[in-house]
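Fold and contact review
Chain by chain, the residues:
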Amino acid sequence: MRQMGRGMASVNLSGYKSILLVPCPYKEFICCKHYLNEQRAIVMKKTLLSILACPCCQGQIELKARETTENGEIISGTLQCLNCGAEFPIVEGVPCMLTGEQQIKPSEGFTEQWKYRFSGRFETNSLYGLNPTHRIEDVIAKFADPIQADEWILDAGCGSAEMTFAAAKSYPQAQIVGLELSEAVRLAAKEASSIPNLHFVQGDVTNPPFKQSTFSKVYSMGVLHHTSNTKAAFDAVSALVSEYGNLVIWLYPDPIECPANIPYYGIRDIVFMGMGHKLSPELRLWFVQFYTGIFLPFIIIAQSFGKEFYHFCQQYNFLVFDKQSLSEIYEATAFLDNLTLPEKFNALAFWIFDDVTPEFQFRHKKQEVINWFKANRFEEAHADTIGTYWGKRWH
Ligand SMILES: C[S@@+](CC[C@H](N)C(=O)[O-])C[C@H]1O[C@@H](n2cnc3c(N)ncnc32)[C@H](O)[C@@H]1O
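Here we come to the overall build of the protein. Counting secondary structure elements, the protein contains 10 helices and 13 strands. Taken across its 395 residues, the protein has 42% of its residues classed as buried. Residue pairs at least 24 apart in sequence account for 70% of intrachain contacts in the protein once pairs closer than 6 positions are excluded.

Here you go:
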């Protein structure tokens, strides 16, 4: 852990107001539909305190709450490290556990992507073309052990937190925590106050603000490869997994091992020349929509030919190349099947925006990642061919 000086972690709060009662900011947020149209206080639940640690030095965190609700939940205040003295504000019910070096500009990277999503400018009935509840079910199915009462589960890099909400709803016996770098975490938290087992923290997966070995289950979907060092981020996240705990991650696969991703990588590397993150979000969105208009007809044509070809190969057991890859290519685009044309456009625009927005997008070989699992004492590590990895820690 990087050692930081006293007070290095304090955050400039200008631009924030201490909002205590807010209306729901977005209407299409899939997992929050039940909680719409209510006015309620946004709080940090006090149970969250028990698992927090200083991201600078792993020191113990003490609460200096300024406002609490009648039952002691925290509306606003400050968290302080008893070891190095670093202070972390609780902003709109979410502890901001970023160190001085981790501060992000409000408009940076994924913040705008999620804001656009919440305001309905991308796909609204799915996330990455999938239902968040189905996505979390796929993750849970990869955990070797069932979810027990009172265990802590971490969604590391939760983004719009739709999977986090789905997990909290499906597993009310467990405590679910969403960790996220971008400001999107605050939008998500506005909906979380009324859900007793759901918590949010703004923080960095490479320096996570939690005690080590806290979580019996951790998942991190599409996040670690967006840091400047995927392996370091992997090590930091795995240190949070308890003995006999489970870890599931998704990383961009190496293009040679997953050729289906080559067109997607090509948009980032060739069309946007790897510079998408340097464009202002509005300009980036404009370019993304322009290119989506160009690519969509090709994708629709390729997909319908691909579908016929896939069914032909299935029917006659005709193998042109590896059947599993063919099936994965088909499944990767199958979500477009059931969408109307405008929805197809919005879903594809979201994918492309997500592809070109991050500064870093590393792609990893299967054996490399399996070795990281082994080096972090996950003795059972598994992988599929599209970048999902899972394992159980034995000691
Ligand atoms: C591609 S999105 C995936 C979001 C979510 N896991 C999902 O699958 O729906 C990646 C997310 O990781 C977050 N992220 C990137 N770097 C991070 C970091 N160092 N710490 C925490 N979150 C990070 C981004 O802000 C973004 O919301």
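This is not the end of the story, as more comes after the structure.
As a matter of local geometry, the ligand sits amid 20 residues, with Phe110, Gly157, Gly159, Leu181 and Met221 nearest to it. Classifying every residue of the shell around the ligand gives 10 nonpolar, 7 polar and 3 charged.

Another aspect to go through is the packing of helix α6 (residues 262-271) against helix α9 (residues 341-356). Where α6 contacts α9, the two axes come as close as 9 Å, and the packing angle between them is 55 degrees. Taken together, the axis directions place α6 and α9 in an arrangement best described as oblique. Crossing of α6 over α9 shows right-handed handedness. Residues Tyr264, Ile267 and Arg268 of α6 touch α9, and the partners they reach there are Ile352, Asp355 and Val356. Of the residues in the contact of α6 with α9, the class split is 4 nonpolar, no polar and 2 charged.

Moving on, we get to the sheet that holds strand β6 (residues 94-95). Overall, antiparallel pairing links the 4 strands, which are arranged β3-β4-β5-β6 in an open sheet. Whereas interior strands pair on both sides, the edge strands pair on one side only; in this sheet they are β3 (61-68) and β6.

In terms of burial, helix α1 (residues 110-118) is largely enclosed, as 8 of its 9 residues are buried. What α1 keeps buried is the set Phe110, Thr111, Glu112, Gln113, Trp114, Lys115, Arg117 and Phe118. Note on α1: the residue one or two positions beyond its end, Gly120, has a positive phi of about 85 degrees.

The subject of this paragraph is the sheet that holds strand β12 (residues 378-383). Spatially, the 7 strands line up as an open sheet ordered β9-β8-β7-β10-β11-β13-β12, and their pairing is mixed. Each edge of the open sheet carries a strand with a single partner, namely β9 (198-202) and β12. The average angle at which neighbouring strand axes cross in this sheet is 15 degrees, direction not considered.

Here we take up the pairing of strand β7 (residues 152-156). The buried fraction of β7 is high, at 5 of 5 residues. Of the two faces of β7, the one carrying Trp152, Leu154 and Ala156 and the one carrying Ile153 and Asp155 are both buried. Pairing analysis gives 5 bridges linking β7 to strand β8 (residues 175-180), with the strands arranged parallel. Opposite Trp152, over in β8, you have Gln175 as the bridge partner. As defined by bridge partners, β7 adjoins strand β10 (residues 215-221) across 3 bridges and the pair is classed as parallel. Bridging across to β10, Ile153 finds its partner in Lys217.

To continue, consider the environment of Gly222. Along the polypeptide, Gly222 turns up in the loop between β10 and α5 (230-238). Gly222 gets classed as partly exposed once you count the C-beta atoms within 10 Å, which come to 17. For the pair formed by Gly222 and Leu251, sequence separation is 29 residues and the distance between their alpha carbons is 5.4 Å.

In this section: the nonpolar core. Judged by nonpolar contacts, the single largest core of 76 residues is most densely connected at Val94, Leu154, Val218 and Val237. Each residue touching Val237, except ones within four places of it in the same chain, is listed here: Ala156, Val205, Pro208, Val218, Ser220 and Leu224. With 12 residues, the next largest nonpolar core counts Phe272, Ala349, Ile352 and Val356 among its residues.

All right, on to the confidence of the model for the protein then. Mean pLDDT over the protein stands at 84; residues scoring 70 or higher make up 83%. Contacts for the low-pLDDT stretch residues 1-38, under 50 throughout, to residues beyond four places or in other chains number 79 contacts.

Relative to the elements of secondary structure, Ser193 occurs in the loop between α4 (184-189) and β9. Taking the C-beta count within 10 Å as the criterion, Ser193 has 22 such neighbours and is therefore assigned buried. Residues Ser193 and Lys45, 148 residues apart in the sequence, show an inter-C-alpha distance of 8.0 Å.

Rules used in this analysis
Residues numbered from 1 in each chain as written. Predicted model: local features only at pLDDT ≥ 70, side-chain atom pairs only at ≥ 80, totals over all residues. Helix = DSSP H or I, 4+ residues; strand = E, 2+ residues; numbered from the N terminus. Buried ≥ 20, exposed ≤ 12 C-beta atoms within 10 Å, placed from the backbone. Contact = placed C-beta atoms within 7 Å. Near = placed C-beta within 6 Å. Nonpolar A, V, L, I, M, F, W, Y, C, P; charged D, E, K, R; others polar. Axes fitted to C-alpha atoms, helices over the stretch in contact; angles between N-to-C directions. Parallel < 35°, antiparallel > 145°, perpendicular 65-115°, else oblique. Left-handed = near helix turned anticlockwise from the far one by under 90°. Pairing = 2+ DSSP bridges. Core = buried A, V, L, I, M, F, W, Y, C linked by C-beta atoms within 7 Å. pLDDT = per-residue confidence, 0-100.

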